[in-house]
Structure formats: structure tokens, C-alpha cells
Amino acid sequence: MGDDSGKNTARAEKRIALTGFMGVGKTSVARHLAQMLRCERLDLDSLIEINEQRRIVEIIDGEGEAAYRKIETDNLKLALGKTSVRILSLGGGAWTVAENRDLIRESGLTSVWLESSFNHCWNNIRFSKKERPLARNKIAARKLFDDRQEIYCLADWHFIVKPDLTSFDVARQIHEEVFS
Ligand code: S3P
């Protein structure tokens, strides 16, 4: 077999972690991408809520962000251990923790940043059913957004999510560029 078969194998085994600010659409993009690739996906926030038997908002409001980040890292380790999972969607703060970035890299996942404007994310946050305890008002959300841009930049791939693109469009673009 020639070189192409090696490339095909690498492509078939590629695993990615989706990061980006709250409201950018990580979970929806992950869902579409997993359908396109017919592969397993995992949402880190959902895993946390299942394992903790409580909602993220309860953890953050009850124990604070630092305690939440520890729980998040513990669950990230569990998620990365599930080697059949090829698409992992992170919560928006997971990638900002250096230990988490190291764990993701060491596990061989390619990191993908879904980048968008603050207003796009904020509109989605405002009208979403999901409670975001760290982004309850526009000023707090804006500050987090600005502070995190340079850390999201450390991801392997960047995709600009324009407001007129659907999560399906974004997934298709990632499918074409990252998995081909
Ligand atoms: C957070 C993002 C949330 C969730 C938690 C903290 C953050 O996930 O993990 O509320 O710090 O950005 P989404 O990015 O899916 O909203």
C-alpha cells in the first residue's frame, strides 16, 4: 500500500476537541460533525452534570469557579480516556486551563477553536435555555471574552463562525478541512 493508506488511517483516527466562547455553538457543531463522520462524540459539560448529578450552575454558584474547574479537569481526564470518542466539545472555560490544554495535546487530540464576534455569542447566550453563571450580564461576559481570545488562539485550528453560517455549515467546513 502506498502513502495514501497511511493518510487515510490518520484521518480515520483523528480526534478533535472543540473550544470557543460560550454561545458560539460548540455542542451543535459537534453533533453535526459526529453525524457526518458517523462517530462517537461527548460533551464535557453533559458528562460533568451526569457524573456530579447536579447542574453546572449549582456547582459554580454553590462552590465557586475554582472548585468547578477542578471537577472539570477530573471529568476531562475521564473523557479523554474514552478513546472511542472522536469529537469532544468542551465548556468555554476548559481550554483556558493550562493543565487541560496539556492533557488534550498529550492525548493526541487536535484542538479546534470556533471563533466568533462577541455580539454573536452574546445574542446566543441571552436567548439560550442553558444558564451561564459566569456570563450573567453583558459586562462580565465581555470581559471574559476579551481575556480569553489569546488563549483560544493557542488551538491548532481556527474556524471563523460568521452569524449567517449554521452549525451544520461550520461542521461541514471542519469535516472538509480537518478530516480530509
Ligand atoms: C463556561 C462555559 C460553559 C460551562 C460553564 C463555564 C465558561 O459551557 O462550562 O458555565 O467558563 O466559559 P459553554 O461554553 O458550553 O456555555
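Each chain carries its own residue numbering, running from 1 in the direction its sequence is written. Note on the predicted model: pLDDT of at least 70 is required for a residue's local features to be given, and 80 or more for side-chain atom pairs to be given and counted; whole-chain, interface and lining totals, by contrast, use all residues. Side-chain calculation: all heavy atoms of the structure are included, whereas hydrogens and water are not.

Secondary structure assignment for the protein yields nine helices and five strands. For helices the rule is a DSSP run of H or I covering at least 4 residues; for strands it is a run of E covering at least 2, with both sets numbered from the N terminus onward. Each helix (α) and strand (β) of the protein, taken in turn from the N terminus, gives the series α-β-α-β-α-α-α-β-α-β-α-α-β-α. In terms of overall size, the protein behaves like a compact globule, its C-alpha atoms giving a radius of gyration of 16 Å where 180 residues would be expected to give roughly 16 Å. A principal-axis box enclosing the C-alpha atoms of the protein has dimensions of 55 × 35 × 25 Å. Exposure is judged per residue with a 1.4 Å probe applied to protein chains only, and the accessible area is read against the type maximum: over 50% gives exposed, under 20% gives buried, and values in between give partly exposed. Counting every position in the protein, which comprises 180 residues, the buried fraction comes to 44%. When checking whether two residues touch, look at their non-hydrogen atoms; a contact exists if any pair is within 4.5 Å. Long-range contacts, defined as pairs at least 24 residues apart, comprise 76% of the intrachain contacts of the protein with a sequence gap of at least 6. Each accessible area is a Shrake-Rupley estimate made with a 1.4 Å probe; only the visible protein chains count as cover when residues are assessed. Carbon and sulfur atoms make up 50% of the accessible area of the protein, which amounts to about 9400 Å² in all. Residues scored as positive are Lys and Arg, those scored as negative are Asp and Glu, and His as well as the terminal groups of each chain are ignored. For this purpose, a charge sits on NZ of Lys, CZ of Arg, CG of Asp or CD of Glu. Computing the positive centroid from 28 side-chain charges and the negative centroid from 27, the protein places the two 4 Å apart. In this treatment the radius of gyration is a C-alpha quantity, and the globule benchmark scales as 2.2 Å times the residue count to the 0.38 power.

Rolled over the atoms, a probe with the dimensions of a water molecule shows which regions are left empty. Considering only enclosed or pocket space, the largest pocket measures out at about 630 Å³ in volume. Both cavities and pockets are sets of points on a 1 Å grid over the protein atoms alone; in a cavity a 1.4 Å probe fits but cannot get out, in a pocket the set is open with protein on both sides within 12 Å along at least five of seven lines, and lining residues sit with an atom within 4 Å of a point. Lining the largest pocket are 32 residues, and of these D45, I56, K130, E131 and R132 lie nearest its centre. Only α2 (26-37), α3 (44-52), α4 (56-63) and α5 (65-81) provide two or more residues apiece to the lining of the largest pocket. Looking at the lining of the largest pocket, the element that brings in the most residues is α2, giving four residues. The residue classification treats Ala, Val, Leu, Ile, Met, Phe, Trp, Tyr, Cys and Pro as nonpolar and Asp, Glu, Lys and Arg as charged. All others, Gly included, are polar. Counted by class, the lining of the largest pocket contains nine nonpolar, ten polar and 13 charged residues. Grid points are joined across faces, edges and corners, and a volume is the space filled by probe spheres set on the points.

Within the secondary structure layout, R86 lies in strand β3 (residues 85-89). Here, a salt bridge means any Lys or Arg side-chain nitrogen found within 4 Å of an Asp or Glu carboxyl oxygen. Put simply, R86 is tucked away with no salt bridge, and the nearest opposite charge, on E13, sits 8.5 Å away. Whenever two N or O atoms come within 3.5 Å, that pair is a polar contact, provided that in protein one can donate a hydrogen and the other can accept it, and provided that, for residues adjacent in sequence, both atoms are side-chain atoms. In this structure the side chain of R86 is engaged in a polar contact, spanning 3.0 Å, whose partner is the backbone oxygen of K14.

To continue, consider the packing of aromatic side chains. What counts as a ring pair is set by centres within 6.5 Å for rings of Phe, Tyr and Trp (its six-membered ring), and what kind of pair is set by the plane angle: stacked under 30 degrees, edge-to-face over 60, tilted for all other angles. In the structure shown here, the tally under the stated rule is five aromatic pairs. Taking 5.9 Å as the distance between ring centres and 25° as the angle between the ring planes, the aromatic pair formed by W113 and Y152 counts as stacked. Taken together, the residues span a long stretch of sequence, with W113 in strand β4 (residues 110-115) and Y152 in helix α8 (residues 138-152) at a distance of 39 residues. Note on W113: relative accessible area 3%, which makes it buried. For Y152, a relative accessible area of 0% puts it in the buried group. When the centroid spacing of 6.0 Å and the interplanar angle of 10° are considered together, the rings of W157 and F159 count as stacked. Note on F159: relative accessible area 2%, which makes it buried. An aromatic cluster of three or more residues is present, and its members are F21, F118, W122 and F145.

Counted according to the given criterion, the structure contains 15 salt bridges. Where E72 meets R69, a salt bridge forms, and the shortest distance between an N and an O atom there is 2.8 Å. Separated by three residues within a single helix, E72 and R69 lie in helix α5, roughly one turn from each other. D169 serves as the salt-bridge partner of R172, at 3.3 Å between the closest nitrogen and oxygen. Within this pair, R172 and its partner D169 are both found in helix α9 (residues 167-178), separated by three residues, close to a single helical turn. A relative accessible area of 38% means that R172 is categorised as partly exposed. For D169, a relative accessible area of 22% corresponds to the partly exposed category.

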